[in-house]
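These are the residues of each chain, in order.
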Amino acid sequence: MDSIPKWGEVRFREQNELVLKAKGYIDTLVLRVNHSLILGRKGEADETDGPDVDLNVFDAYSRGVSKQHAIIEFTDRVLTIRDLSSRNGTFLNMQSVSPNSHRVLRDNDIIHLGNLELLVQFQSVAKA
């Protein structure tokens, strides 16, 4: 029975946060997703077309992450990911994500942006 994949939750609620944990790093990114987020890396300090989420905290340049690598979109309580014609590709659970297709993100999925491995987790927002 252990060989059967255990899919995580697919529904993403507005009160949830998206947590990205990179393999080999202590830092995590905790994100609010209202509509869409572009994942990538910032280049020069004066650039205005940078991503919404800067992955430089995970050494994005040396890991092959493009400036605008992939986009996560929130529609109908579901998060999807799509590649933005990146040089080194986007993979979801080891399967290629093409620029023309939206792939559903689930809790505990693994995303590869180039050679950067990210664990995706859905987290409930703590009420104050």
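So, here's what we can say about the structure.

So, how was this worked out
- Residues numbered from 1 in each chain as written.
- Predicted model: local features only at pLDDT ≥ 70, side-chain atom pairs only at ≥ 80, totals over all residues.
- Heavy atoms only, no water.
- Helix = DSSP H or I, 4+ residues; strand = E, 2+ residues; numbered from the N terminus.
- Contact = heavy atoms within 4.5 Å.
- Buried < 20%, exposed > 50% of the residue type's maximum accessible area, 1.4 Å probe, protein only.
- Pairing = 2+ DSSP bridges.
- Axes fitted to C-alpha atoms, helices over the stretch in contact; angles between N-to-C directions.

## Describing the overall build of the protein chain
Looking only at helices and strands, one finds 0 helices and 11 strands in the protein chain. The N-to-C order of helical and strand elements in the protein chain reads β-β-β-β-β-β-β-β-β-β-β. Taking contacts inside the protein chain between residues at least 6 apart in sequence as the whole, the part at least 24 apart equals 49%.

## Notes on the pairing of strand β5 (residues 70–75)
For β5, a buried count of 5 out of 6 residues is recorded, marking the element as mostly surrounded by other parts of the structure. In terms of strand pairing, strand β3 (residues 36–40) meets β5 through 4 bridges, oriented antiparallel. Note on β5: the bridge partner recorded for Leu39 is Ala70. With 6 bridges joining them, β5 and strand β6 (residues 78–83) adopt antiparallel strand pairing. By the bridge assignment, Glu73 is partnered in β6 with Thr80. A loop of 2 residues connects β5 with β6, the two strands running antiparallel in sequence, and Asp76 in this loop sits at a positive phi of about 55 degrees.

## Overview of the sheet that holds strand β7 (residues 90–92)
Ordered in space as β2-β1-β11-β10-β7-β8, the 6 strands form an open sheet in which the pairing is antiparallel. For this open sheet the edge positions go to β2 (28–31) and β8 (95–97), each flanked by a neighbour on one side alone. Sheet twist, expressed as the average angle between the axes of neighbouring strands with direction ignored, equals 30 degrees. Here 4 bridges tie strand β1 (residues 16–22) to β2, and the two strands are oriented antiparallel to one another. Residue pairing in the sheet places Leu18 in a bridge with Leu31 of β2.

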